[in-house]
Amino acid sequence: MLTASCHCGAVRVTVARRPQSITNCNCSICRRHGALWAYYRQDSVRIDAAPDATQAYVWGRKALKFVRCRTCGCVTHWQRVAPVPGGRMGVNARNFEPDALGAARIRRLDGASSWTYLD
Ligand SMILES: [Zn+2]
């Protein structure tokens, strides 16, 4: 088990295992957040937060919501607005303790344009 926590600890995201790779996306929202995304099946991730502890940002096609802590502002994850069975979500790996990332490979996703990996 591995837990990502926002800075103040109000939002905790727990996953079963370390990510093997994490994604650095250059799209308009990800580059501003400075997030590194680890992808997991949504039904395999546990989110512990009080109901009013988070805020969500939805934009564009309104398919995804980017969730942050209402207190400290750290972006903790994104998930689908309308979840689908077996669908995945993104956990901001920046919120893991640094040593938890181990040897995870960082991949560069061109989400701004071609939607392909650049490496
Ligand atoms: Zn917080």
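See above for the structure.
Summary of the structure given here. (Residues numbered from 1 in each chain as written. Predicted model: local features only at pLDDT ≥ 70, side-chain atom pairs only at ≥ 80, totals over all residues. Heavy atoms only, no water.)

1. Considering the overall build of the protein
In step 1: A tally of regular secondary structure across the protein gives one helix and 10 strands.
In step 2: Ordered by position in the sequence, the α and β elements of the protein form the string β-β-β-α-β-β-β-β-β-β-β.
In step 3: Along the first, second and third principal axes, the C-alpha atoms of the protein reach 40 × 35 × 30 Å.
In step 4: The contacts of the protein with a sequence gap of at least 6 include a subset with a gap of at least 24, amounting to 55%.
In step 5: For the protein, the exposed surface amounts to about 7100 Å²; the carbon and sulfur share of it is 48%.
In step 6: A distance of 7 Å separates the average location of the 18 positive side-chain charges in the protein from that of its 7 negative side-chain charges. (Helix = DSSP H or I, 4+ residues; strand = E, 2+ residues; numbered from the N terminus. Contact = heavy atoms within 4.5 Å. Areas by Shrake-Rupley, 256 points an atom, 1.4 Å probe, with all protein chains shown as cover. Lys, Arg positive; Asp, Glu negative; His and termini not counted. Charge placed at Lys NZ, Arg CZ, Asp CG, Glu CD.)

2. Section: the coordination of the zinc ion
In step 1: Protein coordination at the zinc ion comes from Cys-6 (SG), Cys-8 (SG), Cys-69 (SG) and Cys-72 (SG), with a distance range of 2.2 to 2.4 Å.
In step 2: Metal-centred angles of 104 to 119° between the four donor atoms at the zinc ion mark the site as tetrahedral.
In step 3: Written as a sequence motif, the donor arrangement for the zinc ion is C-x1-C-x60-C-x2-C. With Cys-8 in the loop between strand 1 (2–5) and strand 2 (12–15) and Cys-69 in strand 7 (residues 64–69), this pair connects stretches of sequence that are 61 residues apart.
In step 4: You can call Cys-8 partly exposed: its relative accessible area is 40%.
In step 5: Judged by relative accessible area, Cys-69 falls into the buried class, the value being 1%. (Donors = N, O, S within 2.8 Å, 3.2 Å for Na, K, Ca; no water. Tetrahedral: all angles 85-135°; square planar, octahedral: opposite > 155°, others 65-115°. Buried < 20%, exposed > 50% of the residue type's maximum accessible area, 1.4 Å probe, protein only.)

3. Comments concerning the nonpolar core
Generally speaking, soluble globular proteins have nonpolar side chains that are buried together.
In step 1: One finds Val-15, Ile-22, Tyr-40, Val-45, Val-91, Ala-93 and Phe-96 to be the most contacted residues of the largest nonpolar core, which totals 15 residues.
In step 2: Secondary structure elements with two or more residues in this core: strand 1, strand 2, strand 4 (37–41) and strand 9 (88–92).
In step 3: With near-sequence residues (within four places) excluded, Phe-96 lies in contact with Leu-2, Thr-3, Ala-4, Val-15, Pro-19, Tyr-40, Val-91 and Leu-101.
In step 4: Counting residues in each nonpolar core, the second largest holds 10 residues, with Ile-29, Cys-30, Trp-37 and Val-75 among its members. (Core = buried A, V, L, I, M, F, W, Y, C linked by side-chain atoms within 4.5 Å.)

4. Quick look at the packing of aromatic side chains
In step 1: Evaluated as defined, the whole model comprises two aromatic pairs.
In step 2: When the ring centre of Tyr-39 is taken as reference, the NZ or CZ atom of Arg-88 above it lies at 4.0 Å.
In step 3: One Lys or Arg, Arg-107, reaches over the ring of Tyr-117 and ends 4.1 Å from the middle of that ring. (Phe/Tyr/Trp six-rings, centres within 6.5 Å; stacked < 30°, edge-to-face > 60°. Lys NZ or Arg CZ within 6 Å of the ring centre and 35° of its normal.)

5. Notes on the pattern of salt bridges
In step 1: Taken as a whole, this structure holds four salt bridges when the rule is applied.
In step 2: The partner of Arg-46 in a salt bridge is Asp-48, and the shortest N-O contact between them spans 2.9 Å.
In step 3: Residues Asp-119 and Arg-105 are paired through a salt bridge, measuring 3.7 Å at the closest nitrogen-oxygen approach. Separated by 14 residues along the polypeptide, Asp-119 in the segment after strand 10 (105–109) and Arg-105 in strand 10 bring together distant segments of the chain. (Salt bridge = Lys/Arg side-chain N within 4 Å of Asp/Glu carboxyl O.)

6. Considerations on the environment of Ile-22
In step 1: If you trace the backbone, Ile-22 turns up in strand 3 (residues 21–25).
In step 2: Separated by 53 residues in the primary sequence, Ile-22 and Val-75 have C-alpha atoms spaced 16 Å apart.
In step 3: Not counting residues within four places of it along the chain, the set of residues in contact with Ile-22 comprises Leu-36, Trp-37, Ala-38, Ala-93, Leu-101, Arg-105, Ile-106 and Arg-107.

Taken by themselves, the reported measurements are silent on function.
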